[in-house]
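Single-letter residue listing:
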Amino acid sequence: MSEGVNNRESKKRSCHSEPGANPGEEPAVKAAWGRRMVVGLLLLAFPLALTAQTPQELLAAGRVDQALQMLEQQIHTAPTAEAYNLLCRAHFELGAWDAGIPACEKATGLAPNSGLYHLWLGRIYGEKADRAGFLKAAGLAGKVRTEFERAVEYSPNSWEARTDLAEFYLEAPGIVGGGKDKALAQAELIAPLNPAMAHWVKARVAEKNKDTTAAEKEYRAAIDASQGGARAWLNLAGFYRHMNRLDEMEQALRTMESRPVDHPAALVDAAGMLLRTGREAPMAIRLLRRYIASSNTEEEAPVFKAHNLLGELLEKQGDRAAAADEYRTALAMAHTFRPALDGLKRVTR
């Protein structure tokens, strides 16, 4: 819970603890009222706490502080590969790559044949590499490839593992094992597992080849294969953004908003796209509020990040008080999340 929330709660407690505040009230009544107040505050602070009880559920609900506390207790009493993997993923949500890598390495050490654990180790190595200097990034890239290839080896029917491996092959230079031909080979293997994602890989390859006509065709084929899925519409919008076809980007996101959401995290990504391009802030705010109110939030788009993004949008709209509330809500779930800390400083100074 953030410092601001703690301060508000302590003020509420102190204003009812002054001598003579309610002189006619019996002590037993005071105690009962106090218990109701505490329960009420807890329910306000943690509305999902009663339903999100496992670490994985807490991560999906964006309550990373609670997840970390529970996982650290579990590891202290009975360390398991699953607990270390989830601990790694909690740090991943926070962007704490250095803290998360040892936990992911522990998970693969305890369960070396788990494709899922190798996948997450590859992902966190990749995030670290994206933010490292050239030489360190080159060394980490080899680790990313190794972990993704192991993930596919141990989970050959995982379209997620094959898609991450394909993306690595597409983005990495040949000297560390990249190659568009390798990415296309993975697309063929992804096709029977997830046809829409196979088209996405082919679209990305076409973009790399500067064949925008073929790329757009593949993105639209992904929409058809997913029966109008949100992720596919989001990817088409991203393509339009790269092409600086912003009106078409906005229209693709409007279409996504009007269709059933098969991938809730797309709502958050779409809002972020609108924020970065300075387009249609009301729609971005609407998408985020829809996601936050949903019961189908995802680990891929932590709720505290959705609150932070909503705070940024409201701040740009000039509503500093509402933005502060969103930043505080984000910090109540993840008290070390730097963007929310910085945002709250900006709007309250």
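Presented here is an overview of the structure given in this document. (Residues numbered from 1 in each chain as written. Predicted model: local features only at pLDDT ≥ 70, side-chain atom pairs only at ≥ 80, totals over all residues. Heavy atoms only, no water.)

Some words on the overall build of the protein chain
- Helix and strand counts for the protein chain stand at 19 helices and zero strands.
- A total of 349 residues make up the protein chain; the buried ones form 48% of that total.
- Of the contacts made within the protein chain by residues no fewer than 6 positions apart, 52% connect residues no fewer than 24 positions apart. (Helix = DSSP H or I, 4+ residues; strand = E, 2+ residues; numbered from the N terminus. Buried < 20%, exposed > 50% of the residue type's maximum accessible area, 1.4 Å probe, protein only. Contact = heavy atoms within 4.5 Å.)

Regarding the packing of aromatic side chains
- On inspection of all chains with the given rule, the structure shows six aromatic pairs.
- Residues phenylalanine 92 and tryptophan 120 carry aromatic rings whose centres are separated by 5.2 Å and whose planes lie at 85° to one another, so their mutual orientation is edge-to-face. Taken together, the residues phenylalanine 92 in helix α5 (residues 81-94) and tryptophan 120 in helix α7 (residues 115-130) connect sequence positions 28 residues apart.
- A ring pair is formed by phenylalanine 304 and phenylalanine 337, whose centres lie 5.0 Å apart and whose planes are at 75°; its orientation type is edge-to-face. Here phenylalanine 337 lies in the loop between α18 (320-333) and α19 (338-348) and phenylalanine 304 lies in helix α17 (residues 303-316), a separation of 33 residues in the sequence. (Phe/Tyr/Trp six-rings, centres within 6.5 Å; stacked < 30°, edge-to-face > 60°.)

Regarding the state of the cysteines
- Taken as a whole and judged by the stated rule, the model has one disulfide.
- A sulfur-sulfur separation of 2.0 Å characterises the disulfide bridge that pairs cysteine 88 with cysteine 104. Its S-S torsion of about -85° marks the bond between cysteine 88 and cysteine 104 as left-handed, since a negative value means left-handed. Linking cysteine 88 in helix α5 with cysteine 104 in helix α6 (residues 97-110), this pair joins segments that are 16 residues apart in sequence. (Disulfide = S-S within 2.5 Å.)

So, the environment of glycine 318
- Tracing the backbone through its elements, the reader meets glycine 318 in the loop between α17 and α18.
- On the basis of relative accessibility, which here comes to 55%, the residue glycine 318 falls in the exposed class.
- For glycine 318 and valine 347, which are 29 residues apart along the polypeptide, the C-alpha to C-alpha distance reads 9.6 Å.

What about the environment of tryptophan 97?
- Assignment of secondary structure puts tryptophan 97 in helix α6.
- On the basis of relative accessible area, tryptophan 97 is assigned to the buried category, the value being 13%.
- Taking the C-alpha atoms as reference points, tryptophan 97 and lysine 128, separated by 31 residues in sequence, lie 6.0 Å from one another.
- Among residues more than four places away in sequence, those in contact with tryptophan 97 are Phe92, Ile124, Glu127, Lys128 and Arg131.

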